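Chain by chain, the residues:
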Amino acid sequence: MAASSSPSPLLLALLPLLLLPALAAAASLPALPLSTSSRWVVGADGRRVKLACANWASHLEPVAAEGLARRGVGDIAARVAAMGFNCVRLTWPTYLATNATLSSLPFRWSLERLGMLESIAGVRVNNPALLDLPLINVFREVVSALSSKGIMVILDNQMTTPGWCCSRTDGNGFFGDKYFDPDEWLKGLSAMATMFNDTKNVVGMSLRNELRGPNQNVSLWYRYMQLGAEAVHAANPNVLVILSGLDFDITLSFLYYKKAELSFTGKLVYEQHWYGFSDGGNWEIQNQNDACGLVVDSIWVKGLFLLQQGWPLFFSEFGFDMSGTHIGDNRYLTCFLSVAAEMDLDWAIWALQGSYYIREGILAYDESYGLLSWDWCTARNPSFIKRINSLQSPFQGLNLSP
Ligand SMILES: *[C@@H]1O[C@H](CO)[C@@H](O)[C@H](O)[C@H]1NC(C)=O
Ligand SMILES: *[C@@H]1O[C@H](CO)[C@@H](O)[C@H](O)[C@H]1NC(C)=O
Ligand SMILES: *[C@@H]1O[C@H](CO)[C@@H](O)[C@H](O)[C@H]1NC(C)=O
């Protein structure tokens, strides 16, 4: 691939024309279930479906989707659609599926045990119907609210234990770590896949987010990812099975010669993460085009090669400081977006949430990477929404609709 820092002039000329169909298409689900055809994700009608997603966290200590104390769940789902996204990567901790004490805990009590009385008041005002539901039902209500706005959902197993992800030493990084028992993980994946086996808009499952840490091991990756993929497929053959790489999902280079071997076909997608803070780019110091060229070469070796080899690759996390004042992030973003256009990538931005109930011990933590503002009421960076709108519909691929 030619490393380049800007899309072709032809593509730029086409972008305004492509904007309207993207917004219109967000109102209805594509023909489901999804499957894969070479590097593309396709609908049941054989047309390409481009994943244009936002990550929505639901795996932190309260074990509920963020923002429910600030806006109605239906309003949030409508906002996702209005911003042109067709999909949400919704995160969950394994315990939500394997620990009945936790999954049956009413949302109110989950907040109360953390001393979050203001959040309780906020949920009472904005989502009164959710306040006394068990956490697992709150999760299902979120999926259902997204469904009614025509939004697809990818369930992402982010952590075992509820809490902010990810560090090398949090005991959640790799199979066999303190909180990462492979059997419990398989049980959780099966339970989640089964629970949503008749829920049409649940189109994929990310088996585990950002494998990492001192115990990561390529041969165990093949062993457990295969087991996880087979467990999900057995419980729910409709969903795409999405596999993360190593080193916080920044590398899948080990797959160059050997892919995951599965008993089924047409459902496997790989996922890669690309952030300015971890891509090795010397964004603030180096010439922007040179930095982009070097980083793209590196991203290519770490995962992009999969597209050329005919495998779907989903950039399931990218993101930047939406304040617009972070020079390095701004340059990284231009580089990412140009590659996303040129390669017509499937992607998910981190993140939808403008703030968290609590993150890393801080109440009402402001998410500077959030699409939404701290109060969840407006877009944090409206000009970015316009920029991303131009990348939400497909440019290439199979049997594109006219
Ligand atoms: C299950 O969740 C409850 C509530 O969070 C917690 O107290 C308990 O320790 C968990 N059980 C296990 C086995 O992790
Ligand atoms: C979905 O899971 C339920 C158990 O919750 C099971 O009874 C049913 O047969 C499954 N449906 C499909 C289509 O696999
Ligand atoms: C990876 O795990 C396998 C199987 O447990 C083990 O034989 C091998 O030594 C490990 N490799 C590394 C580099 O730790």
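Look up: the structure comes first, before these words.
What you see is a predicted model; the values in this text were computed from it and never measured.

Peer 1: Before we go on, may I ask you to explain the side chain of Asp346 in this structure?
Peer 2: Inspection of the secondary structure puts Asp346 in strand S10 (residues 346–349). Only 2.7 Å separates the side chain of Asp346 from the backbone nitrogen of Leu51, close enough to count as a polar contact. With sequence-adjacent residues up to four places away left out, Asp346 is seen in contact with Arg48, Val49, Lys50, Leu51, Leu313, Phe314 and Phe315.

Peer 1: Looking at this model, I keep getting lost on the pairing of S10. Mind explaining?
Peer 2: Consecutive residues of a regular strand have side chains that alternate between opposite faces of the sheet. Because side chains alternate across S10, one face comprises the buried residues Asp346 and Ala348, and the other comprises Trp347 and Ile349, equally buried. The pairing of strand S3 (residues 52–56) with S10 spans three bridges and is parallel. Residue pairing in the sheet places Cys53 in a bridge with Ala348 of S10. The pairing of strand S9 (residues 313–318) with S10 spans three bridges and is parallel. When the bridges of S10 are listed, Phe318 appears paired with Ile349. This β-α-β element, S9 to helix H11 (residues 327–342) to S10, shows right-handed connectivity.

Peer 1: Whenever I open this one, the site of ligand 3 confuses me. Can you help?
Peer 2: In the vicinity of ligand 3, the residues found are Asn217, Ser219 and Leu220. Notes on ligand 3: free accessible area 360 Å², of which the protein chains cover 27%.

Peer 1: Just checking my understanding: could you explain the packing of H11 against helix H12 (residues 382–389) for this structure?
Peer 2: Helices that pack against each other are described as a pair by the angle of their axes relative to one another and the distance between those axes. For the pair H11 and H12, the least separation of the axes is 11 Å and the interaxial angle reads 20°. Overall, the two elements H11 and H12 adopt an arrangement that is roughly parallel. Across the interface between the two elements, Leu333, Thr334 and Leu337 of H11 pack against Phe384, Arg387 and Ile388 of H12. Residues belonging to the contact of H11 with H12 are distributed by class as follows: four nonpolar, one polar and one charged.

Peer 1: What is the right way to look at H11 in this model?
Peer 2: It helps to recall that an α-helix has 3.6 residues per turn; residues three or four apart then point in one direction. For H11, which comprises 16 residues, the first-to-last C-alpha distance of 23 Å matches the rise-based estimate of 22 Å (1.5 Å per residue) to within 8%. A positive backbone phi angle near 50° is found at Asp344, which sits one or two residues after H11.

Scoring rules and cut-offs
- Residues numbered from 1 in each chain as written.
- Chains lettered and ligands numbered in written order.
- Predicted model: local features only at pLDDT ≥ 70, side-chain atom pairs only at ≥ 80, totals over all residues.
- Heavy atoms only, no water.
- Helix = DSSP H or I, 4+ residues; strand = E, 2+ residues; numbered from the N terminus.
- Polar contact = N/O pair within 3.5 Å; in protein donor to acceptor, adjacent residues only side chain to side chain.
- Contact = heavy atoms within 4.5 Å.
- Buried < 20%, exposed > 50% of the residue type's maximum accessible area, 1.4 Å probe, protein only.
- Pairing = 2+ DSSP bridges.
- Right-handed = clockwise from strand over helix to strand, strands pointing away.
- Near = heavy atom within 4 Å.
- Areas by Shrake-Rupley, 256 points an atom, 1.4 Å probe, with all protein chains shown as cover.
- Axes fitted to C-alpha atoms, helices over the stretch in contact; angles between N-to-C directions.
- Parallel < 35°, antiparallel > 145°, perpendicular 65-115°, else oblique.
- Nonpolar A, V, L, I, M, F, W, Y, C, P; charged D, E, K, R; others polar.
- Expected span 1.5 Å × (residues − 1).

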